[in-house]
Amino acid sequence: MTAPGDHDAIVVGIDPARDWRLPLAWAVDEASRRRTGVLRLVAAVPPQHDTQHVDDTPRSIALHQAASEALSAAAAWSRGRHPEVEPVVDLVGGFPAAAIGRLSRQARMIVLGSRHLSRTSEFLSAGSLVVPVTAQAQCPVVVVGDAEHVTQQPPYLVVGIDGSESSKAALALAFEEADLRGAKLRAVSVWQAPVFLLYDEEVALQAQRRMLSETTAGWSQKYPDVVLTHEIHIGHPVEELAGAAEHALAVVVGRRGRGGYTGMRLGSVVHGLLHRAHCPVITAPVV
């Protein structure tokens, strides 16, 4: 498990049943950029079934073996990509979402792969990690369904801004990530027209521009090498943010609060981007 002092660790979930290379590539690249030297590869094995009629031991042994082999292969692959980053492997017991979610208390960030499940499949899948971990994590969570789009020049990240405390946390992380990559940052605010508009649309858009300027004020002084642009989009937030991030290295958004008793509650924009975006989705908690 995470040792004391590992609060700077980048934790990546290794699923023995899925291809772990995309999330691991993102995580080891990030560790190399940050020069943390702490990359923690984690695989979780669920507990044996509690039953008096079926011996679940052979299945449990097979799961442990598969997880151990996947961790060894992932560690070797990671060293081949960035030899200067020495991975630490953890084979932990427990249901994957809960086991990995607990590590967020000390981690710098958690990196997960995505199977782009439908919402129904996502909630019914015993192995689903993305929604419960993203909802409950106390650190940023990166969901890598597709590789970073490095062909766009100059490279850029997108951050969603709505003036909330969670979007301010996303902005701080987005500037940090853009600076690490030498990338531009597009701060995007989306205005969705209400059914009944009680005032002029231009007045509403002016308010959006003012909010965007006030929220981003001061950050360019802290990160002078990051080129920041402001954009106001009109439409549905998920579609507009996903469209803006079509060729982005990543899209960064804030998330409000933590999951409920099921650990499966997420804001509609975050949830929508996890299914819609074709680049890594980074969610930042309010700190």
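Residues numbered from 1 in each chain as written. Predicted model: local features only at pLDDT ≥ 70, side-chain atom pairs only at ≥ 80, totals over all residues. Heavy atoms only, no water.

Chemist: How do you make sense of the nonpolar core when you look at a structure like this?
Modeler: Nonpolar side chains tend to gather and get buried jointly when the protein is soluble and globular. Within the largest apolar cluster, 46 residues are counted, with the highest numbers of intra-cluster contacts made by L39, L41, V159 and L185. Broken down by element, the residue count for this core peaks at 7 residues, all from helix 6 (residues 165–181). Once residues lying within four places of it in the same chain are set aside, the contact partners of L41 are V12, I14, L24, L71, A74, A75, P87, V88, V89 and D90. In this structure, A44, L112, V141 and V270 belong to the second largest nonpolar core, which totals 36 residues. (Core = buried A, V, L, I, M, F, W, Y, C linked by side-chain atoms within 4.5 Å. Buried < 20%, exposed > 50% of the residue type's maximum accessible area, 1.4 Å probe, protein only. Helix = DSSP H or I, 4+ residues; strand = E, 2+ residues; numbered from the N terminus. Contact = heavy atoms within 4.5 Å.)

Chemist: So what exactly am I meant to see when it comes to the pattern of salt bridges here?
Modeler: For the structure on display, the rule yields 16 salt bridges. Across the pair E86 and R79 runs a salt bridge whose closest N-O atoms are separated by 3.0 Å. Judged by its relative accessible area of 35%, R79 is partly exposed. Among the ionic pairs, E177 bridges to R181, the shortest N-O distance being 2.2 Å. Of the two residues, E177 and R181 both sit in helix 6, 4 residues apart, roughly one turn of that helix. E177 gets classed as buried once you look at its relative accessible area, which sits at 0%. On the basis of relative accessible area, R181 is assigned to the buried category, the value being 15%. Through salt bridges that share partners, D8, E30, R33, R34, R108, E176, E177 and R181 make up one connected network. (Salt bridge = Lys/Arg side-chain N within 4 Å of Asp/Glu carboxyl O.)

Chemist: How should I be thinking about the pairing of strand 6 (residues 156–160) in this particular structure?
Modeler: Within a regular strand, side chains alternate between the sheet's two faces. In terms of burial, strand 6 is largely enclosed, as 5 of its 5 residues are buried. A two-sided burial pattern is seen for strand 6, the buried positions comprising Y156, V158 and G160 on one face and L157 and V159 on the other. The pairing of strand 6 with strand 9 (residues 251–255) spans 2 bridges and is parallel. Note that in strand 9 the partner of V158 across the bridge is V251. (Pairing = 2+ DSSP bridges.)

Chemist: Sorry, what's going on with the side chain of S78 here?
Modeler: The residue S78 is located in helix 2 (residues 57–81) in this model. Judged by relative accessible area, which is 0%, S78 ranks as buried.

Chemist: Is there a simple way to think about the packing of aromatic side chains in this case?
Modeler: The geometry of an aromatic ring pair is captured by the separation of the ring centres together with the interplanar angle, meaning the angle of the planes. Taken as a whole and judged by the stated rule, the model has 4 aromatic pairs. Relative to W77, the ring of W20 has its centre 6.2 Å away and its plane inclined at 80°; by these criteria the two rings are edge-to-face. Placement of W20 in the loop between strand 1 (10–13) and helix 1 (21–34) and of W77 in helix 2 is noted, with a sequence separation of 57 residues between them. Ring geometry for F175 and W219: centres 5.7 Å apart, planes at 15°, overall stacked. Of this pair, F175 sits in helix 6 while W219 sits in helix 8 (residues 219–222); the two residues are 44 residues apart in sequence, bridging distant segments of the chain. Summarising the burial analysis for this pair, F175 and W219 share the class buried. Three or more aromatic residues joined by ring pairs form one cluster here, namely F175, W219 and Y223. Its end group placed over the ring of W20, R21 keeps NZ or CZ at 4.6 Å from the ring centre. (Phe/Tyr/Trp six-rings, centres within 6.5 Å; stacked < 30°, edge-to-face > 60°. Lys NZ or Arg CZ within 6 Å of the ring centre and 35° of its normal.)

Chemist: What exactly am I supposed to notice about the packing of helix 1 against helix 2 here?
Modeler: The relative placement of two packed helices is expressed as an angle between their axes plus a distance between the axes. Between helix 1 and helix 2, the shortest axis-to-axis distance is 10 Å and the interhelical angle comes to 45°. Our classification of the angle between helix 1 and helix 2 gives oblique. Where helix 1 crosses over helix 2, the handedness of that crossing is right-handed. Counted together, R21, L24, A25, V28 and D29 of helix 1 and A74, W77, S78 and R81 of helix 2 form the full contact between these two elements. Residues that form the contact of helix 1 with helix 2 fall into these classes: 5 nonpolar, 1 polar and 3 charged. (Axes fitted to C-alpha atoms, helices over the stretch in contact; angles between N-to-C directions. Parallel < 35°, antiparallel > 145°, perpendicular 65-115°, else oblique. Left-handed = near helix turned anticlockwise from the far one by under 90°. Nonpolar A, V, L, I, M, F, W, Y, C, P; charged D, E, K, R; others polar.)

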